[in-house]
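Per-entry structural report
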Amino acid sequence: MLVEVLAAHLPAYTKMVVTGNRGGLPVPLTLGPSCIARVTDVAPDVFHVASGDIVLDTALLDAGGGDEILVGWVGLGGSGAGSDRTDRMRAVWHDGVFAERALCAKETLVKLPGAENYPDPARLSFLPWLCIAAAGLHAAGPLAGRDIAVIGATGQLGGAAVLVALAEGAATVTAVGRNPKALARLAELDPRVRTHQLTGDRTTDAAAIGPLDVALDTLGATPTADATLAAYDSLRTRGTLVLIGGVRQDLTIPYGDLMHRRLTVRGSWMSDDETVTTVWNLVRSGQLDLSAVELLTVGLDDPAAALDLAERTTGLGFVALVP
(Lines give C-alpha, C1' and ligand atoms only; values in the text may rest on other atoms or scores of the structure.)
Protein backbone atom coordinates (compact mmCIF):
# COMPACT_ATOMS: atom_id res chain seq x y z
CA MET A 1 0.00 0.00 0.00
CA LEU A 2 1.41 3.37 -1.00
CA VAL A 3 0.19 6.44 0.83
CA GLU A 4 0.74 10.18 0.73
CA VAL A 5 1.50 11.28 4.27
CA LEU A 6 -0.68 14.23 5.27
CA ALA A 7 0.49 14.55 8.88
CA ALA A 8 2.30 12.45 11.47
CA HIS A 9 2.44 12.96 15.23
CA LEU A 10 5.96 13.58 16.51
CA PRO A 11 5.86 12.16 20.05
CA ALA A 12 7.57 14.15 22.79
CA TYR A 13 10.06 11.33 23.42
CA THR A 14 11.18 11.01 19.78
CA LYS A 15 14.63 12.43 20.57
CA MET A 16 15.08 9.66 23.14
CA VAL A 17 14.19 7.12 20.45
CA VAL A 18 16.73 8.66 18.07
CA THR A 19 19.49 8.56 20.68
CA GLY A 20 18.76 4.92 21.51
CA ASN A 21 17.31 5.43 24.98
CA ARG A 22 13.95 3.77 24.31
CA GLY A 23 14.93 0.42 22.81
CA GLY A 24 16.55 -1.03 19.74
CA LEU A 25 15.64 -0.26 16.13
CA PRO A 26 16.41 -2.12 12.88
CA VAL A 27 18.62 0.67 11.55
CA PRO A 28 18.95 2.14 9.02
CA LEU A 29 15.26 3.06 8.73
CA THR A 30 12.81 5.89 8.29
CA LEU A 31 11.23 6.62 11.67
CA GLY A 32 7.57 7.31 12.24
CA PRO A 33 4.97 5.26 14.16
CA SER A 34 1.69 6.51 12.70
CA CYS A 35 0.12 9.08 10.43
CA ILE A 36 -2.92 10.40 8.65
CA ALA A 37 -2.54 9.63 4.97
CA ARG A 38 -4.23 9.45 1.60
CA VAL A 39 -4.04 6.13 -0.21
CA THR A 40 -2.41 6.49 -3.63
CA ASP A 41 -1.86 2.90 -4.77
CA VAL A 42 -3.54 -0.33 -3.69
CA ALA A 43 -2.30 -3.89 -4.13
CA PRO A 44 -4.65 -6.32 -5.94
CA ASP A 45 -5.38 -8.29 -2.75
CA VAL A 46 -6.47 -5.25 -0.69
CA PHE A 47 -10.20 -4.63 -0.44
CA HIS A 48 -10.85 -2.64 2.74
CA VAL A 49 -9.43 0.63 1.40
CA ALA A 50 -9.22 2.20 -2.04
CA SER A 51 -7.13 4.81 -3.79
CA GLY A 52 -8.09 8.26 -2.53
CA ASP A 53 -9.29 7.09 0.90
CA ILE A 54 -8.10 8.92 4.01
CA VAL A 55 -6.67 6.43 6.47
CA LEU A 56 -4.98 6.19 9.82
CA ASP A 57 -1.78 4.17 9.77
CA THR A 58 -1.58 2.67 13.26
CA ALA A 59 1.90 1.11 12.71
CA LEU A 60 0.76 -1.97 14.65
CA LEU A 61 1.53 -5.13 12.70
CA ASP A 62 0.20 -8.28 14.38
CA ALA A 63 1.26 -11.75 13.20
CA GLY A 64 -0.77 -13.49 15.92
CA GLY A 65 0.46 -15.50 18.87
CA GLY A 66 1.73 -12.39 20.62
CA ASP A 67 4.14 -11.42 17.84
CA GLU A 68 3.52 -7.72 17.19
CA ILE A 69 5.75 -4.89 16.02
CA LEU A 70 5.39 -1.16 15.61
CA VAL A 71 6.60 -0.39 12.11
CA GLY A 72 9.19 2.38 12.11
CA TRP A 73 9.33 2.57 15.90
CA VAL A 74 10.44 0.97 19.15
CA GLY A 75 8.24 -1.42 21.08
CA LEU A 76 7.15 -5.02 20.66
CA GLY A 77 3.92 -6.67 21.74
CA GLY A 78 3.49 -9.86 23.72
CA SER A 79 6.26 -10.26 26.27
CA GLY A 80 8.10 -7.31 24.75
CA ALA A 81 11.20 -9.46 24.33
CA GLY A 82 10.69 -10.20 20.65
CA SER A 83 11.24 -13.44 18.76
CA ASP A 84 12.67 -14.81 15.54
CA ARG A 85 9.37 -13.99 13.91
CA THR A 86 9.32 -10.35 15.04
CA ASP A 87 12.90 -10.07 13.76
CA ARG A 88 11.70 -11.26 10.36
CA MET A 89 8.71 -8.91 10.49
CA ARG A 90 11.03 -5.98 11.19
CA ALA A 91 13.34 -7.01 8.37
CA VAL A 92 10.45 -6.72 5.90
CA TRP A 93 8.55 -3.82 7.50
CA HIS A 94 10.98 -1.38 9.09
CA ASP A 95 10.40 2.03 7.49
CA GLY A 96 7.93 4.39 9.15
CA VAL A 97 6.01 7.43 8.01
CA PHE A 98 8.13 10.51 8.73
CA ALA A 99 8.26 11.06 4.98
CA GLU A 100 6.29 12.51 2.07
CA ARG A 101 5.23 9.05 0.90
CA ALA A 102 5.29 5.69 2.62
CA LEU A 103 4.84 2.01 1.90
CA CYS A 104 2.53 0.54 4.54
CA ALA A 105 1.33 -2.95 5.40
CA LYS A 106 -2.36 -3.29 4.65
CA GLU A 107 -2.98 -4.52 8.22
CA THR A 108 -1.88 -1.18 9.70
CA LEU A 109 -4.36 0.97 7.75
CA VAL A 110 -7.83 1.89 9.00
CA LYS A 111 -10.19 3.86 6.77
CA LEU A 112 -11.66 7.08 8.22
CA PRO A 113 -14.97 7.62 6.38
CA GLY A 114 -15.67 11.31 5.85
CA ALA A 115 -12.19 12.43 6.87
CA GLU A 116 -11.69 13.98 3.45
CA ASN A 117 -14.07 16.71 4.66
CA TYR A 118 -12.30 17.35 7.96
CA PRO A 119 -11.02 20.93 7.82
CA ASP A 120 -7.66 20.37 9.54
CA PRO A 121 -6.04 17.00 8.66
CA ALA A 122 -2.89 17.79 10.68
CA ARG A 123 -4.96 17.84 13.85
CA LEU A 124 -6.13 14.29 13.11
CA SER A 125 -2.58 13.03 13.60
CA PHE A 126 -3.38 13.10 17.34
CA LEU A 127 -5.83 10.23 16.75
CA PRO A 128 -3.34 7.43 17.56
CA TRP A 129 -2.81 8.76 21.08
CA LEU A 130 -6.56 9.14 21.55
CA CYS A 131 -6.99 5.55 20.40
CA ILE A 132 -4.33 4.17 22.75
CA ALA A 133 -5.98 6.03 25.62
CA ALA A 134 -9.44 4.85 24.56
CA ALA A 135 -8.34 1.21 24.38
CA GLY A 136 -7.09 1.46 27.95
CA LEU A 137 -10.28 3.09 29.19
CA HIS A 138 -12.46 0.56 27.35
CA ALA A 139 -10.59 -2.24 29.11
CA ALA A 140 -12.43 -1.13 32.26
CA GLY A 141 -15.86 -1.32 30.61
CA PRO A 142 -18.35 1.43 29.71
CA LEU A 143 -17.35 4.88 30.97
CA ALA A 144 -20.71 6.66 31.10
CA GLY A 145 -21.65 7.83 34.57
CA ARG A 146 -18.47 6.54 36.22
CA ASP A 147 -15.80 8.36 38.21
CA ILE A 148 -12.46 8.12 36.43
CA ALA A 149 -8.94 9.30 37.17
CA VAL A 150 -6.09 9.71 34.71
CA ILE A 151 -2.69 9.40 36.38
CA GLY A 152 -0.13 11.35 34.40
CA ALA A 153 -2.81 13.55 32.84
CA THR A 154 -0.33 16.35 32.17
CA GLY A 155 1.43 14.28 29.50
CA GLN A 156 0.22 13.86 25.92
CA LEU A 157 -1.19 10.38 26.42
CA GLY A 158 -2.82 11.44 29.69
CA GLY A 159 -4.31 14.54 28.10
CA ALA A 160 -5.74 12.35 25.33
CA ALA A 161 -7.29 10.08 27.96
CA VAL A 162 -9.02 13.02 29.65
CA LEU A 163 -10.56 14.04 26.32
CA VAL A 164 -11.79 10.51 25.61
CA ALA A 165 -13.26 10.02 29.08
CA LEU A 166 -15.20 13.28 28.81
CA ALA A 167 -16.43 12.44 25.30
CA GLU A 168 -17.68 9.04 26.44
CA GLY A 169 -19.75 10.42 29.30
CA ALA A 170 -17.69 10.01 32.47
CA ALA A 171 -19.40 11.52 35.51
CA THR A 172 -16.12 12.99 36.75
CA VAL A 173 -12.56 12.90 35.46
CA THR A 174 -9.79 13.52 37.96
CA ALA A 175 -6.67 14.73 36.17
CA VAL A 176 -3.60 13.81 38.24
CA GLY A 177 -0.11 15.07 37.52
CA ARG A 178 2.75 17.30 38.60
CA ASN A 179 2.54 20.29 36.25
CA PRO A 180 0.17 22.90 37.76
CA LYS A 181 -0.10 24.87 34.52
CA ALA A 182 -1.11 21.81 32.56
CA LEU A 183 -3.58 20.79 35.27
CA ALA A 184 -5.18 24.23 35.16
CA ARG A 185 -5.64 23.93 31.41
CA LEU A 186 -7.31 20.53 31.81
CA ALA A 187 -9.66 21.98 34.41
CA GLU A 188 -10.88 24.48 31.84
CA LEU A 189 -12.09 21.73 29.50
CA ASP A 190 -15.27 20.83 31.36
CA PRO A 191 -16.91 21.28 34.79
CA ARG A 192 -16.60 17.51 35.29
CA VAL A 193 -12.79 17.74 35.44
CA ARG A 194 -11.20 17.71 38.88
CA THR A 195 -7.45 18.08 39.33
CA HIS A 196 -4.88 16.89 41.82
CA GLN A 197 -1.21 17.83 41.89
CA LEU A 198 0.80 14.87 43.13
CA THR A 199 2.49 15.32 46.49
CA GLY A 200 4.64 12.19 46.41
CA ASP A 201 2.94 10.80 49.51
CA ARG A 202 0.90 7.74 48.59
CA THR A 203 -1.68 8.06 51.36
CA THR A 204 -2.27 11.77 50.79
CA ASP A 205 -2.54 11.34 47.03
CA ALA A 206 -4.92 8.38 47.28
CA ALA A 207 -7.27 10.29 49.56
CA ALA A 208 -7.35 13.25 47.16
CA ILE A 209 -7.78 11.19 44.00
CA GLY A 210 -10.57 8.83 45.07
CA PRO A 211 -12.96 7.27 45.46
CA LEU A 212 -12.97 6.02 41.88
CA ASP A 213 -14.46 3.42 39.59
CA VAL A 214 -11.58 3.49 37.10
CA ALA A 215 -7.98 4.67 37.28
CA LEU A 216 -5.91 4.84 34.09
CA ASP A 217 -2.15 5.02 34.58
CA THR A 218 -0.43 6.85 31.69
CA LEU A 219 2.78 7.77 33.53
CA GLY A 220 6.17 7.45 31.90
CA ALA A 221 9.32 6.29 33.65
CA THR A 222 9.15 7.35 37.31
CA PRO A 223 11.57 6.97 40.22
CA THR A 224 8.94 5.11 42.28
CA ALA A 225 5.56 3.47 41.72
CA ASP A 226 3.91 5.51 44.48
CA ALA A 227 1.61 7.47 42.16
CA THR A 228 0.38 4.29 40.46
CA LEU A 229 -0.20 2.61 43.80
CA ALA A 230 -2.02 5.69 45.10
CA ALA A 231 -4.39 5.24 42.16
CA TYR A 232 -4.85 1.59 43.17
CA ASP A 233 -5.60 2.64 46.76
CA SER A 234 -8.19 5.15 45.56
CA LEU A 235 -10.42 2.55 43.88
CA ARG A 236 -13.86 1.69 45.13
CA THR A 237 -14.94 -1.92 45.59
CA ARG A 238 -15.01 -3.59 42.14
CA GLY A 239 -12.91 -0.78 40.69
CA THR A 240 -10.37 -1.21 37.91
CA LEU A 241 -6.81 0.00 37.46
CA VAL A 242 -5.58 -0.03 33.85
CA LEU A 243 -1.90 0.35 32.98
CA ILE A 244 -0.96 1.86 29.60
CA GLY A 245 2.12 3.94 30.45
CA GLY A 246 5.84 3.44 30.79
CA VAL A 247 6.38 2.92 34.53
CA ARG A 248 9.43 0.69 35.00
CA GLN A 249 8.72 -0.24 38.61
CA ASP A 250 7.22 -3.45 40.00
CA LEU A 251 3.85 -3.07 41.73
CA THR A 252 3.43 -4.64 45.16
CA ILE A 253 -0.29 -5.37 45.50
CA PRO A 254 -1.68 -7.08 48.61
CA TYR A 255 -3.38 -10.35 47.70
CA GLY A 256 -6.09 -10.04 50.36
CA ASP A 257 -6.93 -6.44 49.54
CA LEU A 258 -7.26 -7.17 45.82
CA MET A 259 -9.46 -10.16 46.54
CA HIS A 260 -11.74 -8.70 49.20
CA ARG A 261 -12.34 -5.42 47.36
CA ARG A 262 -12.90 -7.42 44.15
CA LEU A 263 -10.54 -5.17 42.21
CA THR A 264 -9.23 -5.62 38.69
CA VAL A 265 -5.76 -4.70 37.43
CA ARG A 266 -5.37 -4.79 33.66
CA GLY A 267 -2.77 -3.94 31.08
CA SER A 268 -3.50 -2.40 27.68
CA TRP A 269 -1.04 -1.83 24.82
CA MET A 270 -1.78 0.17 21.70
CA SER A 271 -5.31 -0.20 20.23
CA ASP A 272 -7.28 -2.07 17.59
CA ASP A 273 -9.22 -1.16 14.45
CA GLU A 274 -12.56 -1.10 16.27
CA THR A 275 -11.24 1.43 18.77
CA VAL A 276 -9.90 3.59 15.92
CA THR A 277 -13.35 3.64 14.34
CA THR A 278 -15.01 4.47 17.67
CA VAL A 279 -12.67 7.38 18.36
CA TRP A 280 -12.96 8.68 14.80
CA ASN A 281 -16.76 8.65 15.12
CA LEU A 282 -16.49 10.66 18.35
CA VAL A 283 -14.37 13.24 16.53
CA ARG A 284 -16.51 13.22 13.39
CA SER A 285 -19.72 13.73 15.40
CA GLY A 286 -18.24 16.57 17.45
CA GLN A 287 -18.42 14.66 20.74
CA LEU A 288 -14.63 14.88 20.94
CA ASP A 289 -13.52 18.36 19.93
CA LEU A 290 -9.91 18.44 18.79
CA SER A 291 -9.82 22.23 18.96
CA ALA A 292 -8.99 21.71 22.63
CA VAL A 293 -5.59 20.42 21.53
CA GLU A 294 -2.84 22.90 20.68
CA LEU A 295 -1.35 21.97 17.31
CA LEU A 296 2.22 22.86 16.36
CA THR A 297 3.47 21.91 12.89
CA VAL A 298 6.94 21.24 11.53
CA GLY A 299 8.32 20.11 8.18
CA LEU A 300 11.09 17.78 7.06
CA ASP A 301 13.68 20.51 6.50
CA ASP A 302 15.08 20.77 10.06
CA PRO A 303 14.86 17.46 11.94
CA ALA A 304 16.89 18.64 14.95
CA ALA A 305 14.63 21.63 15.54
CA ALA A 306 11.56 19.42 15.16
CA LEU A 307 12.86 16.98 17.78
CA ASP A 308 13.63 19.83 20.19
CA LEU A 309 10.15 21.32 19.77
CA ALA A 310 8.49 17.96 20.34
CA GLU A 311 10.55 17.39 23.49
CA ARG A 312 9.31 20.69 24.91
CA THR A 313 5.66 20.04 24.06
CA THR A 314 3.40 18.15 26.44
CA GLY A 315 -0.11 17.97 27.85
CA LEU A 316 -2.78 19.13 25.44
CA GLY A 317 -0.17 20.25 22.94
CA PHE A 318 1.46 18.14 20.25
CA VAL A 319 3.73 18.48 17.26
CA ALA A 320 2.59 17.26 13.85
CA LEU A 321 5.04 16.65 11.04
CA VAL A 322 3.46 17.94 7.83
CA PRO A 323 5.71 16.94 4.90
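Numbering of residues starts from 1 in every chain and runs along the sequence as written. Residues qualify for local features only when their pLDDT is at least 70, as the model is predicted, and side-chain atom pairs are given and counted only at 80 or more; totals for whole chains, interfaces and linings, by contrast, use all residues. The side-chain values count all of the structure's non-hydrogen atoms but skip hydrogen atoms and water molecules.

In this fold, L103 is placed in strand β6 (residues 101-103). Separated by 18 residues in the primary sequence, L103 and P121 have C-alpha atoms spaced 20 Å apart. Throughout, a contact is declared for two residues whenever any of their heavy atoms are within 4.5 Å. Other than its neighbours up to four places away in sequence, L103 contacts M1, L2 and W93. Think of it this way: any DSSP run of H or I at least four residues long counts as a helix, any run of E at least two long counts as a strand, and we number them from the N terminus.

Working definition: an aromatic ring pair is given by the centre-to-centre distance plus the angle between the planes. Two aromatic rings from Phe, Tyr or Trp, using only the six-membered ring of Trp, form a pair when their centres are within 6.5 Å; if the ring planes differ by under 30 degrees the pair is stacked, by over 60 it is edge-to-face, and anything between is tilted. A complete count under the given rule lists five aromatic pairs for this structure. Relative to W280, the ring of Y118 lies with its centre 6.3 Å away and its plane at 65°, an arrangement referred to as edge-to-face. Taken as a pair, Y118 in the loop between β7 (109-111) and α3 (127-138) and W280 in helix α9 (residues 273-285) lie far apart in primary sequence, 162 residues in all. One exposure class covers both Y118 and W280, and it is buried. An aromatic cluster is defined as three or more aromatic residues linked by ring pairs; in this entry it consists of Y13, W73, F98 and W129. Against the face of Y232 rests R261, its NZ or CZ located 5.4 Å from the ring centre. Burial classification: accessible surface area is computed with a 1.4 Å probe over protein chains only, and a residue below 20% of its type maximum counts as buried, one above 50% as exposed, and the rest as partly exposed. Charge-over-ring contacts are defined here by two conditions on Lys NZ or Arg CZ: a distance within 6 Å of the ring centre and an angle within 35 degrees of the ring normal.

Geometrically, the link from V27 to P28 is a cis peptide bond, its omega value of -5° lying close to zero. Secondary-structure assignment places P28 in the loop between α1 (14-18) and β2 (35-41). Omega for the bond connecting G210 with P211 falls within 30 degrees of zero, at 0°, which places this linkage in the cis form. Positionally, P211 belongs in the loop between α6 (202-209) and β11 (212-217). Although it is not a glycine, R262 sits at a positive phi angle of roughly 55°. Turning to its location among the elements, R262 is positioned in the loop between α8 (255-260) and β13 (264-267). The phi torsion at M270 lies on the positive side, around 60°, for a residue other than glycine. In this fold, M270 is placed in the loop between β13 and α9. On the basis of relative accessibility, which here comes to 15%, the residue M270 falls in the buried class.

The parallel open sheet is built from six strands, whose spatial order is β10-β9-β8-β11-β12-β13. Each end of this open sheet is capped by a strand with a single partner; those strands are β10 (193-197) and β13. The average angle at which neighbouring strand axes cross in this sheet is 20°, direction not considered. The pairing criterion for strands is at least two bridges between them, as found by DSSP. By the bridge criterion, five bridges tie strand β9 (residues 172-177) to β10 in an arrangement that is parallel. Within β10, the residue paired with T174 across the bridge is R194. Against the sheet, α6 contacts β8 (147-151), β9, β10 and β11, and its axis sits at roughly 170° relative to β10. The strands touched by helix α7 (residues 226-233) within the sheet are β8, β11, β12 (235-243) and β13, with β12 carrying the most contacts at an inclination of about 145°. Working convention: axes come from line fits to C-alpha atoms, limited for helices to the stretch in contact. Angles between N-to-C directions cover 0 to 180 degrees.

What follows is about empty space enclosed by the protein. Site definitions follow a grid-based scheme: protein atoms alone, a 1 Å grid, a 1.4 Å probe that fits but cannot get out for cavities, and for pockets an open set with protein on both sides within 12 Å along at least five of seven lines, plus lining residues having an atom within 4 Å of a point. Grid points are joined across faces, edges and corners, and a volume is the space filled by probe spheres set on the points. The full count for this structure, using the stated rule, is one cavity of 30 Å³ or more. Roughly 60 Å³ of internal volume is contained in the largest cavity. Lining the largest cavity we find G32, D57, A59, V71, D95, G96, V97, L103, C104, A105 and T108. When its residues are assigned to classes, the lining of the largest cavity shows six nonpolar, three polar and two charged. Under the convention adopted here, Pro, Cys and the residues Ala, Val, Leu, Ile, Met, Phe, Trp and Tyr are nonpolar, Asp, Glu, Lys and Arg are charged, and Gly plus all remaining residues are polar.

A word on the nonpolar core. Counting 86 residues, the largest nonpolar core has L124, L127, L130, V162 and L288 as its most contacted members. Aside from chain neighbours lying at most four places away, what touches L288 is L130, L163, V164, A167, L282 and V283. One finds I209, L212, A227 and L241 within the second-largest nonpolar core, a separate group that totals 16 residues. Among buried residues, those of type Ala, Val, Leu, Ile, Met, Phe, Trp, Tyr and Cys that are joined through side-chain atoms within 4.5 Å constitute a nonpolar core.

Checked against the element boundaries, S234 lands in the loop between α7 and β12. Residues in contact with S234, not counting those within four places in the same chain, are A206, I209, G210, P211 and L212.

With respect to the element layout, G245 can be found in the loop between β12 and α8. In this structure the C-alpha to C-alpha distance between G245 and R85, which are 160 residues apart in sequence, comes to 25 Å. Sequence-distant contacts of G245, that is, excluding residues within four places in its chain, are made with D217, T218 and L219.

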